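This is what each chain is made of:
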Amino acid sequence: MGVADFIISIVFPFVATVAFWVYKSATPGKIALNLCAVDAETGAKPTLQQAVIRYFAYILSTLPLFVGYLWVIWDPKKQAFHDKLAKTLVVRPQERRVNEVSFTR
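This section reports on the structure supplied with the text. Worth saying up front: this structure is predicted, and the values here are computed from it rather than measured.

**Quick look at the overall build of the protein**
Scanning the protein for helices and strands turns up 5 helices and 2 strands. The order of helices and strands in the protein, counted from the N terminus, is α-α-β-α-α-α-β. Put simply, the protein has 105 residues, and 26% of those count as buried. Considering only contacts within the protein whose residues lie at least 6 apart along the sequence, 57% involve residues at least 24 apart. Counting every atom, the protein has about 7900 Å² of accessible surface; 68% of that belongs to carbon and sulfur.

Printed below as a string of C-alpha cells:
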C-alpha cells in the first residue's frame, strides 16, 4: 500500500462522488434511475459542504447493520441518515427529458 493505492482507493472515489453530486445532483446510478439529490430546504443542487457531509455520513448509515439506509422505510420524508445529516433529499424530477431539437436551413 502506497500513495498510488491511497489516491485510487480513497481520494478518487471521494472527489468523483462529491463532484457528481455538486455538478449533476446525482451519481451515475441515480442518473440511470432518473433520481437526484437536492437540498431539502430549497430543492436546489446540493452545496459542496452538503456533498462532503453526505459522503462521510454514508459511514454512519452503514452502522450498525445498514440501519441508516433502511431508515427510509419508516421516515416520512424517505431520508436515510446521510440525507438527514446533510439536509438533502433524493427525488425523482417530473420534467427531466431531452429537449426537442429542430434544424432549419
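Now that the structure has been shown, the text picks up again.
**Brief notes about helix α1 (residues 3–24)**
With 22 residues, α1 ought to run about 32 Å at 1.5 Å a step, and its terminal C-alpha atoms sit 29 Å apart, in line with that. Maximal helix bending in α1 amounts to about 35 degrees, located at Val 11; proline Pro 13 follows within four positions. The set of residues buried in α1 consists of Thr 17, Val 18 and Trp 21. In the core, the buried residues of α1 are packed alongside α3 (48–62). A positive phi of about 65 degrees marks Ser 25, the residue just after α1.

**Here we look at α3**
Given a rise of 1.5 Å per residue, 15 residues ought to cover 21 Å, and the 22 Å separating the end C-alpha atoms of α3 matches this to within 8%. Listing the buried residues of α3 in full gives Gln 50, Ala 51, Arg 54, Ala 57 and Ser 61. Those residues of α3 hidden inside the fold are in contact with α1, α2 (28–32), β1 (36–39), α4 (67–70), α5 (81–86) and β2 (88–91).

**Quick look at the packing of aromatic side chains**
Counted under the stated rule, the structure contains 8 aromatic pairs. Between Phe 14 and Phe 56, the aromatic rings sit 5.4 Å apart at their centres with planes inclined by 35 degrees, giving tilted as the arrangement. Linking Phe 14 in helix α1 with Phe 56 in helix α3, this pair joins segments that are 42 residues apart in sequence. Of note, Arg 54 hangs over the ring of Trp 21, and the distance from its end group to the ring centre comes to 4.7 Å.

Here is what the cut-offs are and how they apply
Residues numbered from 1 in each chain as written. Predicted model: local features only at pLDDT ≥ 70, side-chain atom pairs only at ≥ 80, totals over all residues. Heavy atoms only, no water. Helix = DSSP H or I, 4+ residues; strand = E, 2+ residues; numbered from the N terminus. Buried < 20%, exposed > 50% of the residue type's maximum accessible area, 1.4 Å probe, protein only. Contact = heavy atoms within 4.5 Å. Areas by Shrake-Rupley, 256 points an atom, 1.4 Å probe, with all protein chains shown as cover. Expected span 1.5 Å × (residues − 1). Bend = angle between axes of the 7 residues up to and from the residue. Phe/Tyr/Trp six-rings, centres within 6.5 Å; stacked < 30°, edge-to-face > 60°. Lys NZ or Arg CZ within 6 Å of the ring centre and 35° of its normal.

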